[in-house]
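Below are the chains, spelled out letter by letter.
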Amino acid sequence: MSNNTDAMLTFTEIGEEHLLDVLDIYNYYVLNTTVSFHTEPLSLSEMQHSLLNGDTRFKSFAILQNGKMQGYVLITRHKNKQAYDSSGEISVYLKPDCTGKGIGQSALHFIEKKAAELKFHVLVATVCSENEPSRQLFRKNGYEQSAYFKEIGSKFGRRLDIASYQKIIGNQVSIT
C-alpha cells in the first residue's frame, strides 16, 4: 500500500456515533460469511455492550478514510482469567468493498502499536480456516499459527475449522 493511502487513514476510539456503521459491517459477515461464528445478527444493544464495555485496556477503533468509516479494529480479552491479562485477542473487520486495499494491514500495524502502549505481551487472532485473506494477512505480518481446531463450529450446514495465530509484541515479562 502506498504512503498516500496510509496518510488518509485515521483511527479513532469507537463511540456511540460509530455503532450503527460497526453493526452493519459486523452483521454483513454474520449473515453472509464464515468470518464470524455468530449465526444470528447482533442487536445494537449487544454491539454496544460488546464494544463500549468501559474496560480501559480492551479498546475498539473505527478505521476512517477521509472521514468515512471503512471498518474497525479491536483488542478484546483473550481469556477471562487473570493470568491471561497480558494477552489480547485482535480482530479487524472491513466493509466488504474495502478489502484487498491494504487497509487491514494498516489497521493491524495500528492495533499492534496501541497494544504495545497498553503493555500487552502477546496478541492472538482466531480465524476461520476458510478465510484465506485474513490468514495471509496475519502470516505476512509475523503471526505464527499456534493452534488449529477441526470442526469446532457449524454454520450454513457445514462444520468449520479455526486457526489461531499469535505474535509476541513485548519483550518484558511481568510476573506477579
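Residues numbered from 1 in each chain as written. Predicted model: local features only at pLDDT ≥ 70, side-chain atom pairs only at ≥ 80, totals over all residues. Heavy atoms only, no water.

Caption draft 1: Inspection of helix H4 (residues 103-117) at higher detail. Counted at 1.5 Å a residue, the expected span for H4 with its 15 residues is 21 Å, and the 21 Å between its end C-alpha atoms agrees. The set of residues buried in H4 consists of Ile103, Gly104, Ser106, Ala107, Leu108, Phe110, Ile111, Glu112 and Ala115. Backbone geometry just downstream of H4 places lysine 119 in the positive-phi region, at approximately 70°. (Helix = DSSP H or I, 4+ residues; strand = E, 2+ residues; numbered from the N terminus. Expected span 1.5 Å × (residues − 1). Buried < 20%, exposed > 50% of the residue type's maximum accessible area, 1.4 Å probe, protein only.)

Caption draft 2: Looking closely at the packing of aromatic side chains. A complete count under the given rule lists nine aromatic pairs for this structure. Between the aromatic rings of tyrosine 29 and tyrosine 93, the centroid separation amounts to 6.0 Å while the plane-to-plane angle is 55°, which identifies the pairing as tilted. In this pair, tyrosine 29 is assigned in helix H2 (residues 19-32) and tyrosine 93 in strand E4 (residues 87-94), connecting sequence segments 64 residues apart. Per residue, the accessibility class of tyrosine 29 equals that of tyrosine 93, and both read buried. Measuring from centroid to centroid gives 6.4 Å for phenylalanine 138 and tyrosine 165, while their planes differ by 20°, and the two rings are stacked. Residue phenylalanine 138 is located in helix H5 (residues 132-140), and its partner tyrosine 165 is located in strand E7 (residues 158-168); the two are separated by 27 residues in the primary sequence. Tyrosine 165 shares its class with phenylalanine 138; the two are buried. Ring pairs connect the aromatic residues Tyr26, Tyr28, Tyr29, Tyr72 and Tyr93, which therefore count as one cluster. Over the ring of phenylalanine 58 we find arginine 57; its NZ or CZ atom is 5.8 Å from the centre of that ring. Arginine 57 extends its terminal NZ or CZ atom over the ring of phenylalanine 120, reaching a point 4.0 Å from the ring centre. (Phe/Tyr/Trp six-rings, centres within 6.5 Å; stacked < 30°, edge-to-face > 60°. Lys NZ or Arg CZ within 6 Å of the ring centre and 35° of its normal.)

Caption draft 3: Examining the side chain of asparagine 27 more closely. Turning to its location among the elements, asparagine 27 is positioned in helix H2. From its side chain, asparagine 27 meets the backbone nitrogen of leucine 42 in a polar contact 2.8 Å long. With near-sequence residues (within four places) excluded, asparagine 27 lies in contact with Pro41 and Leu42. (Polar contact = N/O pair within 3.5 Å; in protein donor to acceptor, adjacent residues only side chain to side chain. Contact = heavy atoms within 4.5 Å.)

Caption draft 4: Quick look at the pattern of salt bridges. By the definition in use, this model includes seven salt bridges. One salt bridge in this structure joins lysine 167 and glutamate 112, with 3.3 Å as the shortest N-O distance. Placement of the pair is lysine 167 in strand E7 and glutamate 112 in helix H4, with a sequence separation of 55 residues. Like lysine 167, the residue glutamate 112 is buried in the burial classification. (Salt bridge = Lys/Arg side-chain N within 4 Å of Asp/Glu carboxyl O.)

Caption draft 5: Quick look at the nonpolar core. The biggest cluster of nonpolar side chains holds 25 residues, and the ones touching the most others in it are Ile75, Ile90, Ile111 and Phe138. Those elements that place two or more of their residues in this core are strand E2 (60-65), strand E3 (68-77), E4, H4, strand E5 (122-128), H5 and E7. Of the residues forming this core, the biggest block, six residues, is contributed by H4. Not counting residues within four places of it along the chain, the set of residues in contact with isoleucine 90 comprises Leu74, Ile75, Leu108, Ile111, Leu123, Val124, Ala125, Phe138 and Tyr143. Among the nonpolar cores identified, the runner-up in size contains 17 residues, and Ile14, Leu23, Leu42 and Leu64 belong to it. (Core = buried A, V, L, I, M, F, W, Y, C linked by side-chain atoms within 4.5 Å.)

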